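One letter stands for each residue in the lines below.
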Amino acid sequence: MISYEPMWKTMEDKGITTYTLINKYGVNPRTINNLRHNKSITMFTLEKLCLILDCNVENIITIKKE
């Protein structure tokens, strides 16, 4: 199962909110909804989040065995 738990921790550590992602960086609110519900996102979006948060993929996503 895909989990974006690391992203929320990374955002908190860097002081970035979902409001900032949407309004400053142009992340689609639908994408935020997908992230909140652990739904899939594109590799383009994953790359964009890594650049915005200045982090690596493992700071955004993890795979949990069910």
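None of the values given here were measured: they were computed from a predicted structure.

Colleague: Lay out the pattern of salt bridges with the relevant residues and their values.
Modeller: Should their charged atoms come close, side chains of opposite charge can pair. One pass over the structure, following the stated rule, counts two salt bridges. A salt bridge links Glu5 to Lys64, with the nearest nitrogen and oxygen atoms 2.4 Å apart. Pair noted here: Glu5 is in helix 1 (residues 5–14) and Lys64 is in the segment after strand 2 (62–63), with a separation of 59 residues, a long-range link. Exposure remark for Lys64: the relative accessible area of 35% places this residue in the partly exposed category. Among the salt bridges present, the one from Lys9 reaches Asp13, with a minimum N-O distance of 2.9 Å. Of the two residues, Lys9 and Asp13 are both situated in helix 1; the distance of four residues between them amounts to about one turn of the helix. The exposure class of Lys9 is partly exposed, given its relative accessible area of 47%.

Cut-offs used in this document
Residues numbered from 1 in each chain as written. Predicted model: local features only at pLDDT ≥ 70, side-chain atom pairs only at ≥ 80, totals over all residues. Heavy atoms only, no water. Salt bridge = Lys/Arg side-chain N within 4 Å of Asp/Glu carboxyl O. Helix = DSSP H or I, 4+ residues; strand = E, 2+ residues; numbered from the N terminus. Buried < 20%, exposed > 50% of the residue type's maximum accessible area, 1.4 Å probe, protein only.

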